[in-house]
Every structure is written in structure tokens, then in C-alpha cells.
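Listed here are the chains, written in short residue letters.
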Amino acid sequence: MEFNTIIEPFRIHSVASIAMTTQSQREKFIADVGYNLFSLHSDDVLIDFLTDSGTGAMSRNQWAAIQRGDESYAGSPSWLTFKAAVQNLFPFKHVIPTHQGRAAEKILFTAIGGAGKVIPSNTHFDTTRANIEYSQAEAVDLVIAEGRDPASLHPFKGNMDLVALETFINARGIENIPVVMMTITNNSGGGQPVSLENLKAVSAMCKKYSIPFFLDACRFAENAWFIREREVGQSERQVVDIVREIAALADGMTMSAKKDPLGNIGGWLALNDDGLAAICRNLLILTEGFPTYGGLAGRDLEALAVGLSEVVSHDYLKYRIRSTAYLGNALAQMGIPVVQPIGAHAVYIDAKTLLPHIPALHYPGQSLAIELYKIGGIRGCEIGSVMFGRKPDGSELPATMELVRLAIPRRTYTQSHIDYVIEVCEEVLKRAPSFRGYRITQEPASLRHFTSEFAPL
Ligand SMILES: *Cc1c(COP(=O)(O)O)cnc(C)c1O
């Protein structure tokens, strides 16, 4: 018999206290930092949904592995343990450890990017896009149309538009496309998964045109679980087997180990091409470290090896996906518009629909994120016109969507924390018509969402 209550498939082993605050205290805290949630002290946050990156809880086996960390400069046993754990899931010939995902991206695009090159993806993550553009290459998003519609219920909204990709390859020329990327799950597109069928089709197209195919695989296990749940013929398979099949379709990958590998820091670049690997290793030595530790300590490598074995557990993944859906479905049921279907790592509230009285350039997402904090101490992240509105030419345009992302750290909050969030959201919904817009009083030259200051209108 299956019961409805989602129990966390773990017991708490070590705790971090949450300091309780009142609404009037929080109103002062947020005003003091110019209404920018990134500038808050995290001790003044009750439920921190800013990101799921590096914010998860490690298991006692991961902490035990940290004690085994061997800090030899070259050829450490911790390196061999890490490499074996990566290759067990992703059997690429070369594994290059980095301190974060973006370091892997920086190395890869320094090697293969450059002026005149174009790199298509379903949707590039912001650091991926930034590293491509920094190399003077162009980053292009070719996700299916359903992936841009918050209300569409397509089961794999992260899929690549295959017709658009083939047209793109023919228009731009094989010689100008050094790689085709796929982000699984599609983080910037609402955390939506990519189907195995679509991955196979993209892989086949890349083979046909002899273009390398790389995965941005930060949430590979969550994506594989969605394949098992939603794709015809996959429901009896082990997640590890689905992951290995996905890896076999690609020529390489970039990874942030702060996501599904259950680490607080780390990343890697993995690939089959010997010549490219040699170039990347030399770049690694220049900026990250020796090839057997990259940007990491031996103890980090040990913790990640254990994390990789834990994240493919069906009990864990079932809990992870169901507990995120529990929050998303509760918000949808009370009438808060959320991006559908609910993804794995976050719930995205559609602030444009919730706050129709606030124009895009008065930042409805920022207004909602501030109220979630003031009313309930919940810290989310605006993904809308604050983040994307300022164009390189200095003009300001509304973003396509005005979202507030509630990203769920892995194995960190319990169901009662989530029930509290749901209660806060009920109050937010009631008070929504009274929320006001904001204006920016101070703004940096780029990536303004991190440091801008705001004032209420
Ligand atoms: C987090 C993330 C990255 C960048 O990784 P960092 O470890 O934060 O540098 C790249 N791609 C995707 C899809 C991500 O979610």
C-alpha cells in the first residue's frame, strides 16, 4: 500500500538553527539593504530558496568521506575515487575537475569558442552564455515553443526544437558550430526536463553533421527520473542506466557539482577527444590547478564521489520530485499562477499574472520577492526584468516572463517548513492587490540583479 504523506528518506543527523524574526524586523532588514534580497544576511532569512546551488545537506557518509580526503598534490587516491565515480555514470575518457561548473565552461569555450563561432543549446544557463559571449562567440537558444509558454503542460518542455536546429546548422555552417549543447534539466527554462528521444535525435543530428555534442548535465539525475516517470517504455528502468545511456549519446559534458552531485562546491569537464582534452588540461593548469585535483581539495573529491552514488537512488529522487511538486501543486490549487508542469529543483511563480497592476518596468517579480520575505522570511529570486531588462546598448526592455523562483535546496527543509511556506503564500495571495512596484535607485554596469538598490513606488 502507498501512503500519500511524503516522508523524507533520511533522518536528521546534524542541525543548523534558524533564527526566528518578526515581520517588522524583516521590513527593517530589507529596507536597510535597498530592497535587494542578495544583500541580506542569510541569518535574517527563515526559509532560503534563493538557489539550490551548493546549499544542500551532505549525508553522514559524505562527511565521513571528507575525513578520508588525501591532499597529495598529484595522483591522490581521492582523485582516483572521484574519477571512478564520475566515469561510472559518465564513461567519458577524460575527466577534468574544476572548482565550479562555470570554470569548466570557461575552459571549454576558451578552447573552442571565439569570434565568428555560434553555439546552439535548448537554453544556455546564464554563466554558460556569459562564458561563450566572453570568448566573442554567440550563444543561441533553440528550445521548443512549448518551453517558452509557462502554462503549457508538455512533459518535456526542455526539448530542443529539432527543425530549428537543423535549419540553424545549415544557415550558419558546420565549420562555425564547434559544439551543440543541451542543458538537462533546462534550468533557465523553468527546470524542465529533456526526453531521451529528443537527446537521441540531437545526438544523431550532430553525428550526421560531424558536430560534437556536449551536455550541461547539472541536474542529470532529476532529468533521468522524469524520463523514467514520463517517457513511454522507460518506467521499469534504473536511473543509473538511463544516465549512462544519455552519457553515451554525447561527446562530453560540463558539470556543476553543487547541484545533483550533492556537493557544496565542485564541477568538472569530461570529454572523449584526446586533442581537445590536452588543450583543456593546459588551461586547467593555468587557472584552476593540477589535473588530478583541479580547483578542489582531496576531501571535496571524496564527498562528491559519495554524492554521485546517493543522487541516483530511486527513494531519494522520488522524494525530491514529489516534494517539489507538493509545494507547486499547493500554490496552483490556491490560485497562485506557477510555471507548469512543476520542475524538480524549483517552483516558479508567474508574478506578471499574479500582479497585473504592476507594469513590467516597475518589477512585479521584485515586488513579490520582497513581500515573500517581509511577510514570511522566505527568500526567493526574481527572474524577470530586473535580471534581464538592461540591454548591452543601455536601453531597458521588459523580460519575456516575470518570475520568482523558489529553489529548493536538496535534503535541507522538511515538510513542515514547506507547509509553512504554503501558509505564507496564502497570505501573500490575499494581500497581492496592495503590493506596489519599485524603481531602481542604484545600478551597476552589468548583472544588475546582484547589487542594484531599489525604492518602493
Ligand atoms: C549552476 C549551473 C551552472 C554553473 O555552475 P556553477 O557551479 O554555479 O558555476 C551551469 N549550468 C547550469 C544549468 C547550472 O544550473
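Residues numbered from 1 in each chain as written. Predicted model: local features only at pLDDT ≥ 70, side-chain atom pairs only at ≥ 80, totals over all residues. Heavy atoms only, no water.

### Comments concerning the site of the ligand
Logical step 1: Residues in contact with the ligand amount to 14 residues; listed here are only the nearest, Arg-102, Asp-216, Arg-219, Ser-256 and Lys-259.
Logical step 2: Calculation on the ligand without its partners gives an accessible area of 380 Å², and the protein chains cover 98% of this total.
Logical step 3: The leading source of residues in the shell around the ligand is helix H4 (residues 101-112), at three residues.
Logical step 4: Partitioning the shell around the ligand into residue classes produces two nonpolar, six polar and six charged. (Near = heavy atom within 4 Å. Areas by Shrake-Rupley, 256 points an atom, 1.4 Å probe, with all protein chains shown as cover. Helix = DSSP H or I, 4+ residues; strand = E, 2+ residues; numbered from the N terminus. Nonpolar A, V, L, I, M, F, W, Y, C, P; charged D, E, K, R; others polar.)

### Structural notes on the packing of aromatic side chains
Logical step 1: On inspection of all chains with the given rule, the structure shows 12 aromatic pairs.
Logical step 2: Seen in terms of ring centroids, Phe-90 and Phe-220 are 5.0 Å apart; in terms of plane orientation they differ by 80 degrees. Their pairing is edge-to-face. A residue pair is termed long-range when its members are at least 10 positions apart, and Phe-90 in the loop between helix H3 (77-89) and strand E2 (94-98) and Phe-220 in helix H8 (residues 220-230) qualify at 130 residues. Of the two residues, Phe-90 and Phe-220, both sit in the buried class.
Logical step 3: Between Lys-259 and the ring centre of Phe-125, over which it is positioned, the NZ or CZ distance is 5.5 Å. (Phe/Tyr/Trp six-rings, centres within 6.5 Å; stacked < 30°, edge-to-face > 60°. Buried < 20%, exposed > 50% of the residue type's maximum accessible area, 1.4 Å probe, protein only. Lys NZ or Arg CZ within 6 Å of the ring centre and 35° of its normal.)

### What to know about the packing of H4 against helix H5 (residues 126-134)
Logical step 1: Where H4 contacts H5, the axes come no closer than 9 Å and their chain directions differ by 30 degrees. Taken together, H4 and H5 sit at an angle that is classed as roughly parallel. Classified by chirality, the crossing of H5 by H4 is right-handed. Together, Arg-102, Glu-105, Lys-106 and Phe-109 of H4 and Thr-127, Thr-128, Asn-131, Ile-132 and Tyr-134 of H5 make up the contact between the two elements.
Logical step 2: Considering only residue class, the contact of H4 with H5 consists of three nonpolar, three polar and three charged. (Axes fitted to C-alpha atoms, helices over the stretch in contact; angles between N-to-C directions. Parallel < 35°, antiparallel > 145°, perpendicular 65-115°, else oblique. Left-handed = near helix turned anticlockwise from the far one by under 90°. Contact = heavy atoms within 4.5 Å.)

### Observations regarding the sheet that holds strand E9 (residues 346-350)
Logical step 1: Spatially, E9-E12-E11 is the arrangement adopted by the three strands of the open sheet, whose pairing is antiparallel. On the outer flanks of this sheet lie E9 and strand E11 (381-383), each paired with one strand and no other. The sheet shows a mean angle of 30 degrees between the axes of neighbouring strands, taken without regard to direction.
Logical step 2: Here three bridges tie E11 to strand E12 (residues 403-407), and the two strands are oriented antiparallel to one another. Each bridged residue has a counterpart across the sheet, and for Ile-383 the counterpart in E12 is Leu-403.
Logical step 3: Running over the sheet, helix H12 (residues 314-334) touches E9 and E12 and is turned about 15 degrees from E9. (Pairing = 2+ DSSP bridges.)

### Looking at the sheet that holds strand E5 (residues 180-183)
By way of backbone hydrogen bonds, the strands of a sheet pair with one another, either parallel or antiparallel.
Logical step 1: With mixed pairing, the five strands of this open sheet are ordered in space as E2-E8-E7-E6-E5. With partners counted over all chains shown, the strands left at the sheet margins are E2 and E5, one partner each. The mean inter-strand angle of the sheet, taken between neighbouring strand axes irrespective of direction, is 15 degrees.
Logical step 2: Where strand E6 (residues 213-216) meets strand E7 (residues 252-256), three bridges bridge the pair, whose relative direction is parallel. The partner of Leu-215 across the bridge, within E7, is Met-253.

### Description of the domain arrangement of the protein
Logical step 1: When the domains of the protein are assigned, the result is domain 1 (23-52 + 313-456) and domain 2 (60-310).
Logical step 2: Centre-to-centre, using C-alpha coordinates, domain 1 lies 27 Å away from domain 2.
Logical step 3: Put simply, domain 1 and domain 2 have five salt bridges between them.
Logical step 4: Note that Arg-410 is salt-bridged to Glu-222, the shortest N-O span being 3.3 Å.
Logical step 5: At the boundary of domain 1 with domain 2, the tally comes to 13 residue pairs in polar contact (both at pLDDT 80 or more).
Logical step 6: When residues in the side of domain 1 that touches domain 2 are grouped by element, the largest group, six residues, is from H12.
Logical step 7: Looking at the side of domain 1 that touches domain 2 residue by residue, the class counts come to 10 nonpolar, five polar and six charged. (Domains from an automatic or database assignment. Salt bridge = Lys/Arg side-chain N within 4 Å of Asp/Glu carboxyl O. Polar contact = N/O pair within 3.5 Å; in protein donor to acceptor, adjacent residues only side chain to side chain.)

### Things to note about H12
Logical step 1: End to end, H12 covers 30 Å across 21 residues, agreeing with the expected 30 Å (1.5 Å per residue, within 8%).
Logical step 2: A side-chain oxygen of the first residue of H12 lies 3.3 Å from the backbone nitrogen of Asp-315; this N-cap is Ser-313.
Logical step 3: Phi turns positive, to about 105 degrees, at Gly-335, one or two residues after H12. (Expected span 1.5 Å × (residues − 1).)

### Topic: the nonpolar core
A general tendency of soluble globular proteins is for nonpolar side chains to be buried together.
Logical step 1: Counting 65 residues, the largest nonpolar core has Phe-90, Phe-220 and Trp-268 as its most contacted members.
Logical step 2: The element that contributes the greatest number of residues to this core is helix H9 (residues 239-249), accounting for seven residues.
Logical step 3: In this structure, this core is formed jointly by two domains, domain 1 (23-52 + 313-456) and domain 2 (60-310), each of which donates at least three residues.
Logical step 4: Listed in part, the 45 residues of the second largest apolar core include Val-338, Ala-351, Leu-372 and Ile-440. (Core = buried A, V, L, I, M, F, W, Y, C linked by side-chain atoms within 4.5 Å.)

### Here's the deal with the side chain of Asn-187
Logical step 1: The residue Asn-187 is located in the loop between E5 and helix H7 (196-208) in this model.
Logical step 2: A polar side-chain atom of Asn-187 sits 3.1 Å from a polar atom in the side chain of His-345.
Logical step 3: In this view, Asn-187 contacts Phe-125, Arg-219, His-345, Tyr-348 and Arg-405; residues no more than four positions away in its chain are not counted.

### Quick word on the pairing of E12
Logical step 1: In terms of burial, E12 is a largely internal element, five of the five residues being buried.
Logical step 2: Here E12 shows a buried face lined by Leu-403, Arg-405 and Ala-407 and a second buried face lined by Val-404 and Leu-406.
Logical step 3: Bridge analysis of E9 against E12 gives five bridges, and the strand direction is antiparallel. If you follow Ile-349 over to E12, its bridge partner there is Val-404.

### Here's the deal with the side chain of Arg-411
Logical step 1: Along the chain, Arg-411 turns up in the loop between E12 and helix H16 (415-431).
Logical step 2: Of note is the side chain of Arg-411, whose polar atom sits 2.8 Å from the side chain of Gln-62.
Logical step 3: A distance of 3.0 Å separates polar atoms of two side chains, one belonging to Arg-411 and the other to Glu-310.
Logical step 4: When residues no more than four places from it in sequence are discounted, the contact partners of Arg-411 are Phe-10, Ala-57, Met-58, Ser-59, Gln-62, Leu-262, Glu-310, Tyr-316 and Tyr-319.

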